[in-house]
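Structural features, examined
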Amino acid sequence: MERPERVAAALGAQPRANGCSGAAHGALRNGYVRGLPAPDTQINHIVHNGGLYKRPFNEDFEETPMLVAVLTYVGYGVLTLFGYLRDFMRQWKIEKCQNATEREEQKDFVPLYQDFENFYNRNLYMRIRDSWNRPICSVPGAKVDMMERISHDYNWTFTYTGRVIKDIINMGSYNYLGFAQNAGTCQEAAAKVLSQYGAGVCSTRQEMGNLDKHEELEKLVARFLGVESAMAYGMGFATNSMNIPALVGKGCLILSDELNHASLVLGARLSGATIRIFKHNNMQSLEKLLKDAIVHGQPRTRRPWKKILILVEGIYSMEGSIVRLPEVIALKKKYKSYLYLDEAHSIGALGPTGRGVVEYFGLSPEDVDVMMGTFTKSFGAAGGYIGGKKELIDYLRTYSHSAVYATSLSPPVVEQIITSMKCIMGEDGTTVGKARVQQLAENTRYFRRRLKEMGFIIYGNEDSPVVPLMLYMPAKIGAFGREMLKRNIGVVVVGFPATPIIESRARFCLSAAHTKEMLDTALKEINEVGDLLQLKYSRHHLVPLLDRPFDETTYEETED
Amino acid sequence: MDIKSMKNYLYWLYCQFELITCSYLMEPWEKLLFYTFNVTMLVMVLYTTYIFVPVHISTAFQFFLHLFGNQHEKTVSVVK
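Keep in mind it's a predicted model, so treat the numbers as computed, not measured.

1. Thoughts on the interface of chain A and chain B
- Counting residues at the interface gives 21 residues for chain A and 15 residues for chain B.
- For the pair chain A and chain B, the summed buried surface comes to about 1,800 Å²; carbon and sulfur atoms form 70% of the total.
- On the chain A side of the interface with chain B, the three residues burying the most area are F82, Y154 and A475 of chain A, jointly 29% of the side's total.
- Counting across the chain A and chain B interface gives 3 salt bridges.
- A salt bridge links R86 of chain A to E30 of chain B, with the shortest nitrogen-to-oxygen separation between them at 2.5 Å.
- Across the contact surface, chain A and chain B share 7 residue pairs in polar contact (both at pLDDT 80 or more).
- At the level of elements, α2 (66-91), α15 (474-486) and α16 (516-533) of chain A are the ones that each hand at least two residues to the side of chain A that touches chain B.
- Broken down by element, the side of chain A that touches chain B gets its largest block of residues, 8 residues, from α2 of chain A.
- Grouping the constituent residues of the side of chain A that touches chain B by class yields 14 nonpolar, 2 polar and 5 charged.

2. Describing the sheet that holds strand β18 (residues 505-509) of chain A
All names here are of chain A.
- Reading across from one edge, β15-β18-β17 is the order of the 3 strands in this open sheet, with antiparallel pairing throughout. Pairing within the sheet leaves two strands with one partner each, and these edge strands are β15 (466-470) and β17 (492-494). On average, each strand axis in the sheet is tilted by 30 degrees relative to the strand beside it, whichever way the strands run.
- Sheet analysis places β15 next to β18, joined by 5 bridges and oriented antiparallel. From the neighbouring strand, V467 faces β18, where its bridge partner is F508.
- Together, β15 and β18 form the strand contacts of helix α14 (residues 432-454), whose direction differs from that of β15 by roughly 10 degrees.

3. Observations concerning the sheet that holds strand β4 (residues 159-170) of chain A
All names here are of chain A.
- An order of β3-β4-β16 is seen for the 3 strands of this open sheet, with the pairing classed as mixed. Lying at the two open borders of the sheet, with one neighbouring strand each, are β3 (143-150) and β16 (489-490).
- Relative to β16, β4 runs parallel, the two sharing 2 bridges. When the bridges of β16 are listed, N170 appears paired with G490.

4. Some thoughts on the packing of α15 of chain A against α16 of chain A
All names here are of chain A.
- The N-to-C vectors of α15 and α16 enclose an angle of 140 degrees; their axes lie 11 Å apart at closest approach. Seen along the crossing, α15 lies across α16 with a hand that is right-handed. Taken together, the residues of α16 that come into contact with α15 (itself represented by K476, A479, F480, E483 and M484) are E525, I526, V529, L532 and L533.
- Each residue belonging to the contact of α15 with α16 can be placed in one class, and the counts come to 7 nonpolar, no polar and 3 charged.

5. Here we look at the UniProt feature "domain: Aminotransferase class I/classII large" (unreviewed entry) in chain A
- According to UniProt, the feature "domain: Aminotransferase class I/classII large" (unreviewed entry) maps to residues 166-526 of chain A in the numbering used here.
- What you have in residues 166-526 of chain A is 43% helix and 17% strand, and the ends, taken at the C-alpha atoms, are 19 Å apart.

6. Overview of the pattern of salt bridges
- According to the stated counting rule, one finds 35 salt bridges over all chains in the structure shown.
- Here E327 of chain A ties to R324 of chain A by a salt bridge, and the two come within 3.9 Å at their closest N and O atoms.
- Owing to a relative accessible area of 15%, E327 of chain A belongs among the buried residues under this scheme.
- Overall, the relative accessible area of 6% leaves R324 of chain A in the buried class.
- Note that E18 of chain B and K31 of chain B form a salt bridge whose closest N and O atoms lie 3.0 Å from each other. Residue E18 of chain B is located in helix α1 (residues 2-20), and its partner K31 of chain B is located in helix α2 (residues 28-79); the two are separated by 13 residues in the primary sequence.
- It is possible to trace a salt-bridge network through shared partners that takes in R205, E218, K390, D394 and R397 of chain A.

7. A word on the state of the cysteines
- Considering all chains together, one arrives at 0 disulfides over all chains under this definition.
- With no disulfide partner, C22 of chain B has as its closest neighbouring cysteine sulfur the one in C15 of chain B, 14 Å distant.

8. Here's the deal with the environment of T398 of chain A
Residues and elements named next belong to chain A.
- For T398, the position within the fold is in helix α11 (residues 390-399).
- Taking relative accessible area as the criterion, T398 reaches 46% and is therefore assigned partly exposed.
- Note: C-alpha distance between T398 and G348 (50 residues apart in sequence) is 29 Å.
- Other than its neighbours up to four places away in sequence, T398 contacts Q206 and V404.

9. Describing the side chain of E525 of chain A
Residues and elements named next belong to chain A.
- Among the structural elements, E525 can be located in helix α16.
- Residue class for E525 comes out buried when judged on its relative accessible area of 12%.
- Beyond its immediate chain neighbours, meaning those up to four positions away, E525 contacts M484, R487 and I489.

10. Focus on the UniProt feature "transmembrane region" (unreviewed entry) in chain B
- Listed under "transmembrane region" (unreviewed entry) in the UniProt record, and renumbered for this structure, are residues 32-53 of chain B.
- What you have in residues 32-53 of chain B is 100% helix and 0% strand, and the ends, taken at the C-alpha atoms, are 31 Å apart.

Cut-offs and rules
Residues numbered from 1 in each chain as written. Chains lettered and ligands numbered in written order. Predicted model: local features only at pLDDT ≥ 70, side-chain atom pairs only at ≥ 80, totals over all residues. Heavy atoms only, no water. Contact = heavy atoms within 4.5 Å. Buried area = accessible area lost by both parts, 1.4 Å probe. Salt bridge = Lys/Arg side-chain N within 4 Å of Asp/Glu carboxyl O. Polar contact = N/O pair within 3.5 Å; in protein donor to acceptor, adjacent residues only side chain to side chain. Helix = DSSP H or I, 4+ residues; strand = E, 2+ residues; numbered from the N terminus. Nonpolar A, V, L, I, M, F, W, Y, C, P; charged D, E, K, R; others polar. Pairing = 2+ DSSP bridges. Axes fitted to C-alpha atoms, helices over the stretch in contact; angles between N-to-C directions. Left-handed = near helix turned anticlockwise from the far one by under 90°. UniProt positions renumbered as here; feature names shortened; annotations may be inferred. Buried < 20%, exposed > 50% of the residue type's maximum accessible area, 1.4 Å probe, protein only. Disulfide = S-S within 2.5 Å.

Pasting the structure below:
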């Protein structure tokens, strides 16, 4: 943008009335030093927020260019027309119908398959379906092997050619710290535990499924997070959807972010509490809802709410944005409500020692009432946890559906979590964990900066390892996935309904296992595909910075 | 060399058209239908332009000439 020029202007290049120009750092005549505003990126610097933020918060969601939005709608319009044509042909038996329909004898009954609601599925998703559900046949590390498949009837059925595409650079797996490995200390420890305990637990946590490994894991997780106590569950999605109903019920209020994950939404709906949505990461919207809730109480009876629970996530995986945690905690304390923080993507990935978004902002874990997270992303395992005060966790041990009915974690998986967590904390005697956390931060900064310089529209916070690259047009979703696979790079592309209809994107997940050479190869190919498909929509024209040396640690840099 | 780069550029433009109108995703018979429709519309528009636009422009030109032409004669007589 014109930021460098603005900065130069603000630094007092113009002469003042008496002919002398200002001092070097923009000091005016009466000594008042002007701050350096950047209108497009939201930099909540110390000056603006009364000391809540100890580091600059750079988030950027560039607006969709008008021409691109219009052309995207044109593309969807054309596909919709052809969808109607194909449906017409399928109805009148001109074309064979390949999706699910009822048997002839049941045609007069109430319809089993909702025909029109699957319109999008039949006519748009089917055309680009080969970019999803690709079968991989090796460990999803920095490089992955994939089975090649082709389709002869335009993605309705797939056949495998038998060939395995080897060494595809994996930019889609949630492997933030690179613990998805089939060799090394984690794998050896897990193999030993497998030979000792077996793979299955054959019971729920409350009955006979509580192993000493689970107790060890929970103590370790509590120590890692800095909370009093923690509990681990077998599935990350089930942790959210089964525990929120145990915490809130009818007569309580849930304030949930607009872009929360499906597990949080499901848990909130199952609980039976009243749900109100605030705009994504917008603290004014949240404060307004809190004020209304306190002032007006429950809708008809005007009684005060039994509990107010704020549901936020650490990193939102579709946007790459980080929650404004200092402000949320300040609001929570002011209006006396509770905070449920879902750190699925941010645990292990943010913070100087990988303790998550609470450490990233320099806050105390005691301010967050319920700290939830998953072991799937940064620890290379499966499952979820909830951490908090001892009374809360003891209550959840008895009243959570997941503890009572779900099978507990499998022992080798538990050992993988324990080993990787000890590695991150540095308790295994090496500095491998710390090195990985720093490598991830460097990879994040480097990758995001290079993509922005190339001219792509990238959403989200500068420090988030989830990088969404905007595609917008439906044909480009399919084209991007295919072209990148041709060049041996595996990416995840996302469209409707996971994102708004015109804002489809490609989502890169960076990893500490990616070396600089892999990132450079990937960036070169993304550049090529970007030119081929014309994806460089950004109008900000960043001035490329002088390339900093790559092995500088990013947490001691100052913003320039 | 210039012809080759020109051909590459035209092919690239055709790819952009395919991506924007989503004909990249269509089966061959759908593409045929879509292009036939588009080409037919375009040919009709061009034909209409060819037949009608010169006549309209010359009529409009004559109208304005008549308007300014009268004024010109009047001013000449007044000045003289």
